[in-house]
Amino acid sequence: MSDDPVFSTYELGIIQNSLRKRMAMIEDFRTDVVTQDLEPEIEMSQQIDVFKQEVQHIQDKVRSMVESRVE
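Keep in mind that what you see is a predicted model, and the values were worked out from it rather than measured.

Chemist: So what's going on with the nonpolar core? Which residues, and what values?
Modeler: Counting eight residues, the largest nonpolar core consists of Leu12, Leu19, Met23, Ile26, Ile48, Val55, Val62 and Val66. Mapped by element, the contributors of at least two residues to this core are α1 (9-35) and α2 (41-70). Not counting residues up to four positions away in its chain, the partners in contact with isoleucine 48 are Ile26, Phe29 and Arg30.

Chemist: Help me get a handle on the pattern of salt bridges, residues and values and all.
Modeler: Here the structure, examined in full by the defined rule, presents two salt bridges. The partner of glutamate 27 in a salt bridge is lysine 52, and the shortest N-O contact between them spans 2.6 Å. With glutamate 27 in helix α1 and lysine 52 in helix α2, this residue pair connects regions lying 25 residues apart in the sequence. By relative accessible area, which is 28% here, glutamate 27 ends up partly exposed. Judged by relative accessible area, which is 27%, lysine 52 ranks as partly exposed. In this structure, aspartate 60 engages arginine 63 in a salt bridge whose closest nitrogen and oxygen atoms are separated by 3.0 Å. Residue aspartate 60 and its partner arginine 63 are located together in helix α2, separated by three residues, close to a single helical turn. Residue classification places aspartate 60 among the partly exposed positions, given a relative accessible area of 36%. Arginine 63 gets classed as partly exposed once you look at its relative accessible area, which sits at 33%.

Calculation notes
- Residues numbered from 1 in each chain as written.
- Predicted model: local features only at pLDDT ≥ 70, side-chain atom pairs only at ≥ 80, totals over all residues.
- Heavy atoms only, no water.
- Core = buried A, V, L, I, M, F, W, Y, C linked by side-chain atoms within 4.5 Å.
- Buried < 20%, exposed > 50% of the residue type's maximum accessible area, 1.4 Å probe, protein only.
- Helix = DSSP H or I, 4+ residues; strand = E, 2+ residues; numbered from the N terminus.
- Contact = heavy atoms within 4.5 Å.
- Salt bridge = Lys/Arg side-chain N within 4 Å of Asp/Glu carboxyl O.

Structural measurements only, silent on function.
As structure tokens, this is what we get:
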């Protein structure tokens, strides 16, 4: 990556793929938490939801940036 603050399409693609993997990891983590029957399950689930929304927001921004580059 250069010092240029603008990401290349290639770099945006890498970020997009990484975010996609993170979303899958979040769901796997949620499944692990739920299946372990932990006491603070509701609070943890809420925290997971908040984090997932933040990652989704970033993913949407990256998708928008990629689409604007393709056009």
